[in-house]
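These are the residues of each chain, in order.
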Amino acid sequence: MVLLVALAATGLLWAGFAPRGTAQDTADANEAVRQGRVLYLQGCSSCHGLQAQGGNQAPSLIGVGSAAVDFQVSTGRMPLAAPGAQAERKDPIYSQTQIDQLAAYIDSLGGGPKKPVITQTEWDDADLAHGGELYRANCAQCHQAVGAGAPLTYGKYAPDLGKATPTQIIEAMRTGPESMPLFGPGQLDEADAVAVAKYVRHVSEAPSAGGDDLGKYGPVPEGLLAWLVGIGGLLAVCLWIGARQKV
Amino acid sequence: MSKQDDDSAGSGSPGDAGGSIFDRAKQPVKPSGEPAPGSDVSAGGPELRQGHDDGPERLGTPPHQTDSTRAQSTVLLVEPHERAVDVSPAHAAEIDRRAQRRAERLVAFWFVVSIVGTVGFVVTNFVGDKHAEYYTPFMGVALALAMGGIGFGVILWAKQLMPHEEAVQERHPFRSADEEIAATEETVALGYADTGLARRPLVRRTLLGAGTVLGALLVVPLLNLTNRKPGKQLDHTHWVKGARLVTGEGTPVKIGDIAIGGIETVFPAVPVTEADGTVRYEPQLTMHEKADSATVLIRLGPDENRPRPGRENWAYDGHVAYSKICTHAGCPVSLYETQTHHLLCPCHQSVFDVLDGCRAIFGPASRSLPQLALGVDEDGYFIARDGDYTEPVGPAFWERS
């Protein structure tokens, strides 16, 4: 009797706490991988190879993870418009669903950094000041103090971060696209990464109280403008004041 | 001779076109310099002359003498090409009148612009959203219009409506008058006699002595230049044997923290042995201590590093550490390109090849970045295995051996 009760209770408990929808999720995931493979073969395999093994023109994608796929495709850098020093940001040609399917396919070939999910709580709790410190210590040397970007060597450059979404910022840190160093969780943990992303968004969205920010490039263009336009204009006015009236 | 000459006789020579500005305002002068009883100076301008009764109105200061000679005092608002056409006097006067009215309207326009600017400034100040992007630029433009409007109006007024005259003022002779020279010489001679320097040799000699000794002070700063050498101060940083590598926030870096392709700026945390024998690590906190010890820790891929002879075991598991201070001008070198493994200096575009011992391959820097020998302690934290850099970090200096 006790045994029966115990069995019944176990059965009831299993019925109550059994993970639901697992089969459905697996089916969805498999479907996403299948769709992603179709998209991959159409749009990516000519350079990255039929098995994503890479080739003369493109690196292997095995083990790069879904974060790398989401970053490269959602920023429009991939598919590449033309070979060059660096892939440029442009409007993405795939929808977010398609990007997720591509990411699922690449992820299925071997693990890598996963596409980060930032919850609203994480975002609200992120320490903006701490993010600023981390940004200045790790990012500002290339991406410039307020994320306006700056040149590197041989036509490469650290891009402007003005259009980067928080997800893309964290993906770039975790995957180190192109010339960028990789900042893994050992260096910047999840909260740090979100704080850096929040700081980048903050400085990118900050209104410019003094009028046009001249590309946020700091004192050089501002000084140039002050000297050429400001002082030049004053000189022109002085010349006009001192000019003889035509008779 | 008119009354004008009588009035100015006390201060200026007769016939000179002078008098105070008050006199001149009342007595406009002809090009010849003679005072003109009837005002024909300004074309169509208001009658300036108010009467000859200027005797009692003289102010306390006598009229200032000028050497001005007036060359031209007519206003010609007519354009030269218009004058070339044969215009009858009546027609010319008509053109003149219209030009003046146009000029008046222009001046008035700028004054109105000033009013609009002022009102705009005040309204924006009280009504505008101070956090909006337009606020500051709009305030600036409004204030510029408020003040610039008056300025432009006044200048246009002076240029187009007021009479034009060309005045030449002769320079006064450079040499002083003979009497003044003689008086000055006499004053100096009397003063010298009063000091009695000629009669009191003791005072004279001690003063000369004091002056000479004081003048010798000039040598002191020159001597200062010779006795301040940096010594061995620049040859060493704050890295010591066994110092842990910590981040700018003081967190020690352990193996595995940095992924392949990662970079971290590290500083020394010096081991301090406590009384009870435990060792704690003291991060260097002051900017002065951090400044010469800044180091970049980079993790390369397996077998990517090409160590220099004698430095084969300075790297640890693909991690290499180099001084962050550029050997050209001392800027922080931390722009790291992971694909080319180039470290860039942001100041003058020096480029260092990380795989080749941070050899300088481009730009003004000529020496490699000094390398720090890495080790890992029993707790898995990175340490400076051999202590300090083997060569001075940063730019070259005179005493560098």
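Residues numbered from 1 in each chain as written. Chains lettered and ligands numbered in written order. Predicted model: local features only at pLDDT ≥ 70, side-chain atom pairs only at ≥ 80, totals over all residues. Heavy atoms only, no water.

1. Let's talk about the packing of aromatic side chains
Part 1 of the argument: By the definition in use, this model includes seven aromatic pairs over all chains.
Part 2 of the argument: Judged by centre distance (6.5 Å) and plane angle (75 degrees), the rings of Phe111(B) and Trp157(B) are edge-to-face. Highlighted residues: Phe111(B) in helix α4 (residues 89-127) and Trp157(B) in helix α5 (residues 135-160), separated in sequence by 46 residues.
Part 3 of the argument: Using a relative accessible area of 27% as the deciding quantity, one classes Phe111(B) as partly exposed.
Part 4 of the argument: Assessed through its relative accessible area of 42%, Trp157(B) is described here as partly exposed.
Part 5 of the argument: With 6.4 Å between their ring centres and 90 degrees between their planes, Tyr316(B) and Phe382(B) make a pair best called edge-to-face. Linking Tyr316(B) in the loop between β6 (295-299) and β7 (319-323) with Phe382(B) in strand β14 (residues 382-384), this pair joins segments that are 66 residues apart in sequence.
Part 6 of the argument: A relative accessible area of 0% places Phe382(B) in the buried class.
Part 7 of the argument: Following the ring pairs from residue to residue traces out a cluster consisting of Trp240(A), Phe109(B), Trp110(B) and Phe152(B). (Phe/Tyr/Trp six-rings, centres within 6.5 Å; stacked < 30°, edge-to-face > 60°. Helix = DSSP H or I, 4+ residues; strand = E, 2+ residues; numbered from the N terminus. Buried < 20%, exposed > 50% of the residue type's maximum accessible area, 1.4 Å probe, protein only.)

2. A look at the interface of chain A and chain B
Accessible area lost upon the coming together of the parts serves often as the stated size of an interface.
Part 1 of the argument: Contacts between the two partners involve 29 residues from chain A and, on the opposite side, 32 residues from chain B.
Part 2 of the argument: Roughly 2700 Å² is buried in total at the junction of chain A and chain B, and carbon and sulfur atoms are behind 54% of that figure.
Part 3 of the argument: Among the ionic pairs, Glu337(B) bridges to Lys156(A), the shortest N-O distance being 3.3 Å.
Part 4 of the argument: Summed over the shared surface of chain A and chain B, the number is 13 residue pairs in polar contact (both at pLDDT 80 or more).
Part 5 of the argument: Residue contributions to the side of chain A that touches chain B peak at four residues, all from helix α7 (residues 128-138) of chain A.
Part 6 of the argument: Residues of the side of chain A that touches chain B, tallied by class, amount to 13 nonpolar, 11 polar and five charged. (Contact = heavy atoms within 4.5 Å. Buried area = accessible area lost by both parts, 1.4 Å probe. Salt bridge = Lys/Arg side-chain N within 4 Å of Asp/Glu carboxyl O. Polar contact = N/O pair within 3.5 Å; in protein donor to acceptor, adjacent residues only side chain to side chain. Nonpolar A, V, L, I, M, F, W, Y, C, P; charged D, E, K, R; others polar.)

3. Section: the state of the cysteines
Part 1 of the argument: Tallied over the full model, the rule gives one disulfide over all chains.
Part 2 of the argument: Between the sulfur atoms of Cys331(B) and its disulfide mate Cys347(B) the distance is 2.1 Å. Here Cys331(B) and Cys347(B) share a disulfide; its torsion about the S-S bond, -95 degrees, makes the bridge left-handed. In this pair, Cys331(B) is assigned in the loop between β7 and β8 (335-337) and Cys347(B) in the loop between β9 (342-344) and β10 (351-353), connecting sequence segments 16 residues apart.
Part 3 of the argument: By relative accessible area, which is 13% here, Cys331(B) ends up buried.
Part 4 of the argument: Look at Cys347(B) and you get partly exposed, because its relative accessible area is 36%.
Part 5 of the argument: Between Cys139(A), a free cysteine, and Cys142(A), which holds the nearest cysteine sulfur, the sulfur-to-sulfur gap is 9.0 Å. (Disulfide = S-S within 2.5 Å.)

4. Examining the layout of surface pockets
Where empty space is left can be seen by rolling a probe of water-molecule size over the atoms.
Residues and elements named next belong to chain A.
Part 1 of the argument: The calculated volume of the largest pocket comes to roughly 1300 Å³.
Part 2 of the argument: Lining the largest pocket are 50 residues; nearest its centre among them are His48, Pro59, Leu61, Gln72 and Met78.
Part 3 of the argument: Those elements that place two or more of their residues in the lining of the largest pocket are α2 (22-43), α3 (45-48), α4 (65-74), α5 (96-108) and α9 (166-175).
Part 4 of the argument: When residues of the lining of the largest pocket are assigned to their parent elements, the largest contribution, five residues, is made by α4.
Part 5 of the argument: A domain-level breakdown of the lining of the largest pocket finds at least three residues from each of domain 1 (25-113) and domain 2 (116-234).
Part 6 of the argument: If you add up the space inside the second largest pocket, you get close to 860 Å³. (1 Å grid on protein atoms, 1.4 Å probe; cavity = no way out; pocket = protein on both sides within 12 Å on 5 of 7 lines; lining within 4 Å. Points joined across faces, edges and corners; volume = space filled by probe spheres on them. Domains from an automatic or database assignment.)

5. Thoughts on the domain arrangement of chain A
Residues and elements named next belong to chain A.
Part 1 of the argument: The domains assigned to chain A are domain 1 (25-113) and domain 2 (116-234).
Part 2 of the argument: If you average the C-alpha positions of domain 1 and of domain 2, the two centres end up 26 Å apart.
Part 3 of the argument: Taken together, the contacts link 14 residues of domain 1 with 15 residues of domain 2.
Part 4 of the argument: Contact between domain 1 and domain 2 buries roughly 1200 Å² in total, counting both sides, with carbon and sulfur atoms accounting for 52%.
Part 5 of the argument: It is Phe71, Gln86 and Arg89 that lose the most area in domain 1 upon contact with domain 2, and together they represent 46% of the buried surface on that side.
Part 6 of the argument: Our enumeration of links across domain 1 and domain 2 arrives at zero salt bridges.
Part 7 of the argument: Applying the counting criterion to the domain 1 and domain 2 interface returns six residue pairs in polar contact (both at pLDDT 80 or more).
Part 8 of the argument: Of the residues that constitute the side of domain 1 that touches domain 2, the class distribution is six nonpolar, four polar and four charged.

6. Topic: unusual backbone geometry
All names here are of chain A.
Part 1 of the argument: The step from methionine 78 to proline 79 runs through a cis peptide bond, and the omega angle for that step is -5 degrees.
Part 2 of the argument: A positive phi angle, near 60 degrees, is found at alanine 52, a position not held by glycine.
Part 3 of the argument: One can find alanine 52 in the loop between α3 and α4.
Part 4 of the argument: Here tyrosine 154, not a glycine, exhibits a phi torsion of approximately 50 degrees, which is positive.
Part 5 of the argument: Examined against the element boundaries, tyrosine 154 turns out to sit in the loop between β1 (150-151) and β2 (157-158).
Part 6 of the argument: The class of tyrosine 154 is exposed, set by a relative accessible area of 67%.

7. Regarding empty space enclosed by the protein
Residue and element names in this part refer to chain A.
Part 1 of the argument: Across all of its chains, the model carries three cavities of 30 Å³ or more by this definition.
Part 2 of the argument: Approximately 480 Å³ is the volume attributed to the largest cavity.
Part 3 of the argument: What lines the largest cavity is a set of 33 residues, among which His143, Pro159, Leu161, Ala172 and Met180 lie closest to the centre.
Part 4 of the argument: It is α9 that provides the largest number of residues to the lining of the largest cavity, a total of four residues.
Part 5 of the argument: Split into classes, the residues belonging to the lining of the largest cavity amount to 22 nonpolar, seven polar and four charged.

8. Section: the nonpolar core
Part 1 of the argument: Among the nonpolar cores identified, the biggest contains 42 residues, and Tyr135(A), Met173(A), Ile298(B), Leu343(B), Phe352(B) and Val354(B) are the most heavily contacted of them.
Part 2 of the argument: Elements that contribute at least two residues to this core include exactly α7, α9 and α10 (190-205) of chain A together with β6 and β7 of chain B.
Part 3 of the argument: For this core, the element with the most residues is α10(A), which contributes eight residues.
Part 4 of the argument: Those residues in contact with Ile298(B) that lie beyond four places of it in its chain are Gly262(B), Ile263(B), Gly318(B), His319(B), Val320(B), Tyr336(B), Leu343(B) and Val354(B).
Part 5 of the argument: Residues Trp239(B), Ile258(B), Val266(B) and Ala384(B) belong to the second largest nonpolar core, which totals 15 residues. (Core = buried A, V, L, I, M, F, W, Y, C linked by side-chain atoms within 4.5 Å.)

9. Some details on the packing of α7(A) against α10(A)
Residue and element names in this part refer to chain A.
Part 1 of the argument: Direction vectors running N to C along α7 and α10 enclose 90 degrees, while the axes themselves pass 7 Å from each other. In this view, α7 runs roughly perpendicular relative to α10, as classed from their interaxial angle. Side by side, α7 and α10 meet where Leu128, His130, Gly131, Gly132, Leu134, Tyr135 and Arg136 of the first sit next to Asp192, Ala195, Val196, Lys198, Tyr199, Val200 and His202 of the second.
Part 2 of the argument: A per-class count over the contact of α7 with α10 returns seven nonpolar, four polar and three charged. (Axes fitted to C-alpha atoms, helices over the stretch in contact; angles between N-to-C directions. Parallel < 35°, antiparallel > 145°, perpendicular 65-115°, else oblique.)

10. A word on helix α11 (residues 219-242) of chain A
Part 1 of the argument: The first and last C-alpha atoms of α11(A) sit 32 Å apart over 24 residues, in line with the 34 Å expected at 1.5 Å per residue.
Part 2 of the argument: Its axis deflected by about 25 degrees at Ala226(A), α11(A) carries its strongest bend there. (Expected span 1.5 Å × (residues − 1). Bend = angle between axes of the 7 residues up to and from the residue.)

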